[in-house]
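Structural overview for review
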Amino acid sequence: MMRTLASLLIGCSALGLAASAQAQTATLAPPDNQYFVGRGSWGQKYPDQWALQRIGFDASPNSAWRLVRRDAKPVIVAVIDTGLDWNHKNISWDNIWRNPKEIPDNGIDDDGNGFVDDVVGWDFFERGNKPWDHDGHGTFVSGIIAGRWDDKEGVAGINPFVRLMILKGINNFGHSRGSYLAEAITYAADNGARVINLSVGGKHISEVAQAAIDYAYSKGVVIVAAAGNEAADIRTYGVAASDKVITVASTGFDDERAVFSNWGKVSVAAPGIDVLSLRARRTDIMLGVIGVKYTAGEAYVGPDKRHYRASGTSFSAPLVAGVASLMIANDPNLTNKQVMAIIKSTARDAGTPGVDQYTGYGIVDAVAALKAPKDYFLFAGINRVEVVQQGKAPVVRVRGTADANALKSAHIEVGAGETPTSWKRVGAAKKSTGPDAVLGDIPAAALQGAKIWQIRVVIEHKDGATREARFKLNLG
Ligand SMILES: [Ca+2]
Ligand SMILES: [Ca+2]
Ligand SMILES: [Ca+2]
């Protein structure tokens, strides 16, 4: 009797083990598409899909995909761009959004959303329901997120669970209007998109009304925008510098900012040089890029010329939109604020130490983002400093952000010179949700002996992660 019970118990625990082992392994295995595993397809030394691999989507046992449940949920990503070549064999119809309440081609707005026969999206230029891509840009962007894994001769997209909502807000000459983009953003928010990718660049994004961004944000949408390619400061680019948008700069093979990438108030960075994706039929997008020496057909890849390589922040943004959408597919209860906070807080620091104006919080890290607890954040920033009288003595007052969901410590430190080799701790920083709250004061006595100082706030999370932000003070 005892024996039977014992063997029963053993049987149960063995079953329990098997069940939990299965639960642990029920995640994605990395794809084996030709261009994902390949390198040198156009004579280059690095992997064909190096951009995905650099942010954590590689073939290793630590691949970001191995953190994604096999039964993850479909997630709608609105690509506001030049449309899509939906006949491309590296795109599956299963990865294109279908408006569930709209009957196609009956001339009736069945779901009453104001758009007739909008089944896969909308063309805001032609006011039509066939957002076909005559330019190539939108198809390229879409391929980064949605390239189908079962097209073994193709690329692998980041998110096999994606449903692309195709919103044509840019025409084949790269033109747009702020009003079209605002309409497209509103459409996305009203029709179920959880993520919007806006690879429209600085010039156009500066015309987008903040109201459309505010609306989509309030509806829980993660909005990802390209910083643009003018090598300019985006502070004047309106919504690109908005806190309600993840603005993405480009980095190169060395993880430094790409020369063309806009900068200023960027959130994060992602690879944006020689990215491989899809070529829409009869298109050659690099031909239209001003200031780039380019021979027609030079960027075509593959015997059938249906793939393409290109550079620009337009192609960094969908890497981040892909990560955001995969996080939501894996856990549909994540809010847009949580997704945005996690993406920033877990980015891998690049360029100048700490949060900086060229790469923001750093290069997106899909592994860390998919691993992070849902309430995770770790924010650092110095917005400005000012000299104020404290009693009889002048002090330098530091204003900014120092916050985490589980804050261990925050300090203000100073170091002499442009790139200090040592730092002097001048006191604790107050917890601040930012962006302009007082973090603390630096006594003037702490700033003697040099004309140039770096002030930094260093924040430590209870999990051991740290984040810093610097501010240069010139006393000369
Ligand atoms: Ca409709
Ligand atoms: Ca209809
Ligand atoms: Ca940095």
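1. Section: the overall build of the protein chain
- What the protein chain contains, in helices and strands, is ten helices and 17 strands.
- Expressed as lengths along the three principal axes of its C-alpha atoms, the size of the protein chain is roughly 80 × 80 × 50 Å.
- Residues classed as buried in the protein chain amount to 55% of the 476 residues present.
- For the protein chain, restricting intrachain contacts to residue pairs at least 6 apart in sequence, the fraction spanning at least 24 positions comes to 69%.
- Where the 52 positive side-chain charges of the protein chain centre and where its 49 negative ones centre are 6 Å apart.

2. Overview of the confidence of the model for the protein chain
- On average, the protein chain scores 92 in pLDDT, and the residues at 70 or more come to 95%.
- Below a pLDDT of 50 lies the segment residues 1–22, which in the model reaches zero contacts outside its immediate sequence neighbourhood of four places, other chains included.

3. Some words on the coordination of the calcium ion (ligand 3)
- Within the protein, the calcium ion (ligand 3) binds to Asp 349 (OD), Ala 350 (O), Thr 352 (O), Gly 354 (O) and Asp 356 (OD); these donor distances fall in the range 2.2 to 2.3 Å.
- If you list the donors of the calcium ion (ligand 3) from N- to C-terminus, the spacing comes out as D-A-x1-T-x1-G-x1-D. In terms of burial, Ala 350 and Asp 356 fall into one category: buried.

4. A short note on the side chain of His 461
- Here His 461 shows up in strand S16 (residues 452–461).
- His 461 has contacts with Tyr 376, Phe 377, Leu 378, Ala 404, Asn 405, Ala 406 and Lys 408, leaving out every residue within four places of it along the chain.

5. Quick notes on the packing of aromatic side chains
- Counted by the stated rule, this structure contains 20 aromatic pairs.
- On the numbers, 4.7 Å between centres and 65° between planes, the contact of Phe 125 with Tyr 180 is edge-to-face. Residue Phe 125 is located in the loop between strand S2 (121–123) and helix H4 (137–146), and its partner Tyr 180 is located in helix H5 (residues 178–190); the two are separated by 55 residues in the primary sequence.
- Judged by relative accessible area, Phe 125 falls into the partly exposed class, the value being 23%.

6. Structural notes on helix H8 (residues 317–330)
- Counted at 1.5 Å a residue, the expected span for H8 with its 14 residues is 20 Å, and the 20 Å between its end C-alpha atoms agrees.
- Burial analysis of H8 places 14 of its 14 residues in the buried class, which makes it a mostly covered element.

7. Some thoughts on the nonpolar core
- Phe 57, Leu 167, Ile 196 and Ile 455 are the most contacted members of the largest nonpolar core, which has 144 residues in total.
- In terms of residues, this core owes the most to one element, H8, which gives ten residues.
- Both domains that meet at this core, namely domain 1 (34–371) and domain 2 (378–474), each give it at least three residues.
- Once residues within four sequence positions are removed from consideration, Phe 57 is found in contact with Phe 36, Leu 52, Ser 63, Ala 64, Trp 65, Ile 158, Val 323, Leu 326 and Ala 366.

8. Here's the deal with the domain arrangement of the protein chain
- Along its sequence, the protein chain is carved into domain 1 (34–371) and domain 2 (378–474).
- Computed over C-alpha atoms, the centres of domain 1 and domain 2 are 35 Å apart.
- At the boundary of domain 1 with domain 2, total buried surface from both sides reaches about 740 Å², with 49% on carbon and sulfur atoms.
- Its largest share of buried area at the contact with domain 2, domain 1 owes to Ser 345, Val 355 and Tyr 361, together 57% of the area lost on that side.
- Taken together, the links from domain 1 to domain 2 amount to seven residue pairs in polar contact (both at pLDDT 80 or more).

9. So, the pairing of strand S17 (residues 466–474)
- Bridging between S16 and S17 involves nine bridges; their strand directions are antiparallel. Along S17, the bridge assignment pairs Ile 455 with Phe 471.
- Connecting S16 to the antiparallel partner S17 that follows it, the hairpin turn spans four residues, and Gly 464 within it adopts a positive phi of roughly 100°.

Parameters and conventions
Residues numbered from 1 in each chain as written. Chains lettered and ligands numbered in written order. Predicted model: local features only at pLDDT ≥ 70, side-chain atom pairs only at ≥ 80, totals over all residues. Heavy atoms only, no water. Helix = DSSP H or I, 4+ residues; strand = E, 2+ residues; numbered from the N terminus. Buried < 20%, exposed > 50% of the residue type's maximum accessible area, 1.4 Å probe, protein only. Contact = heavy atoms within 4.5 Å. Lys, Arg positive; Asp, Glu negative; His and termini not counted. Charge placed at Lys NZ, Arg CZ, Asp CG, Glu CD. pLDDT = per-residue confidence, 0-100. Donors = N, O, S within 2.8 Å, 3.2 Å for Na, K, Ca; no water. Phe/Tyr/Trp six-rings, centres within 6.5 Å; stacked < 30°, edge-to-face > 60°. Expected span 1.5 Å × (residues − 1). Core = buried A, V, L, I, M, F, W, Y, C linked by side-chain atoms within 4.5 Å. Domains from an automatic or database assignment. Buried area = accessible area lost by both parts, 1.4 Å probe. Polar contact = N/O pair within 3.5 Å; in protein donor to acceptor, adjacent residues only side chain to side chain. Pairing = 2+ DSSP bridges.

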